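Chains, contacts and geometry: an overview
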Amino acid sequence: MEKLMELTDRKKLDLVKEKLEEAIDYNTYISEVARLAEEGLSTSPEQTESNSQYTKLNNARMHRWDKKLNIPQDVAQKFRSYKGKVTWLVITESWCGDAAHALPVMNKLAELSEGIDLKIVYRDTHPDLMDEFLTNGARSIPKLIALDEQKDEIIGEWGSRPTEATKMVADYKSEHGMLTEQFKKDLQVWYNKDKGQNIIKDLTALV
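Please read all numbers here as calculations on a predicted model, not as lab measurements.

Reading the values: rules and limits
- Residues numbered from 1 in each chain as written.
- Predicted model: local features only at pLDDT ≥ 70, side-chain atom pairs only at ≥ 80, totals over all residues.
- Heavy atoms only, no water.
- Helix = DSSP H or I, 4+ residues; strand = E, 2+ residues; numbered from the N terminus.
- Rg over C-alpha atoms; globule rule 2.2 N^0.38 Å.
- Buried < 20%, exposed > 50% of the residue type's maximum accessible area, 1.4 Å probe, protein only.
- Contact = heavy atoms within 4.5 Å.
- Areas by Shrake-Rupley, 256 points an atom, 1.4 Å probe, with all protein chains shown as cover.
- Lys, Arg positive; Asp, Glu negative; His and termini not counted.
- Charge placed at Lys NZ, Arg CZ, Asp CG, Glu CD.
- Expected span 1.5 Å × (residues − 1).
- Arc of directions from axis to C-beta.

Glancing now at the overall build of the protein chain. Within the protein chain one finds 9 helices and 4 strands. Listed by position from the N terminus, the elements making up the protein chain come as α-α-α-α-β-α-β-α-β-β-α-α-α. The C-alpha atoms of the protein chain give 17 Å as radius of gyration, which agrees with the globular expectation for 207 residues (17 Å, within 12%). Projecting the C-alpha coordinates of the protein chain onto the three principal axes gives extents of approximately 45 × 40 × 40 Å. Looking at the protein chain as a whole, 47% of its 207 residues are labelled buried. When contacts within the protein chain are restricted to residue pairs at least 6 apart in sequence, those whose partners lie at least 24 apart make up 76%. Carbon together with sulfur atoms contributes 49% to the accessible area of the protein chain, which is approximately 11,200 Å² in total. Mean positive and mean negative side-chain charge positions of the protein chain (30 and 36 charges, respectively) differ by 5 Å.

Attention now goes to the side chain of K19. In this fold, K19 is placed in helix α1 (residues 2-20). Given the relative accessible area of 5%, K19 is considered buried. Not counting residues up to four positions away in its chain, the partners in contact with K19 are L89, V121, H126, D128 and L129.

Quick look at helix α7 (residues 163-176) now. The end-to-end C-alpha distance of α7, which contains 14 residues, comes to 20 Å, matching closely the 20 Å that a straight helix rising 1.5 Å per residue would cover. Looking only at α7, the buried set comprises A165, V169 and Y172. Projected onto a plane normal to the axis of α7, the buried residues spread over an arc of 70 degrees and lie on a single side. α7 presents K167, S174 and E175 as exposed residues on the side facing more than 90 degrees away from its buried surface. Buried positions along α7 lie against α8 (181-194) and α9 (197-204).

Printed below as a string of structure tokens:
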């Protein structure tokens with residue numbers, strides 16, 4: 001069993017390294033999303049009206065968070081003094097509402113540390129990677145994979161939602177069976193009120 005786990009871990013590690021060669025940085029990502037939003041498109045191979053509308057909405061959300069996000073001083077200091085060398089590889093798509101809130105936070109935190117490199121790949125063009133990092137059996141995004149360059153191993157994962165939002169979703173599904181459009185709107189209100197602080201708390205636990 002232990003040998004099998006080692007082989008599985010090695011497979012995941014090798015796949016992450018392979019995908020990093022195709023990954024893009026945050027500035028490239030937001031520029032791409034902005035272009036797609038303007039053209040009425042999305043990052044998905046299959047273009048739909050829904051995905052294009054969400055891409056446009058998320059483009060505005062990300063630019064707003066880039067300007068307004070506040071990192072607590074104690075957290076900023078922890079990231080500035082971080083001595084490791086880690087790559088955060090994030091699986092996402094332009095239409096994902098949760099990602100629009102999370103990626104600007106990830107970027108702000110990574111910018112504070114010389115030892116953290118943020119990279120991004122798209123889920124629908126990298127299904128083999130996504131299937132190695134499922135959340136409760138689902139291809140949920142965004143999904144952050146933390147690769148320690150010095151230890152040459154995957155040291156953590158995060159996604160697809162911050163802990164408080166995850167509990168909100170689980171509780172609602174337990175009572176109602178599925179997420180309604182009203183709940184999704186309420187979740188966006190929660191994100192706006194939280195101002196990224198729950199995501200900051202979660203990601204700080206990775207360093």
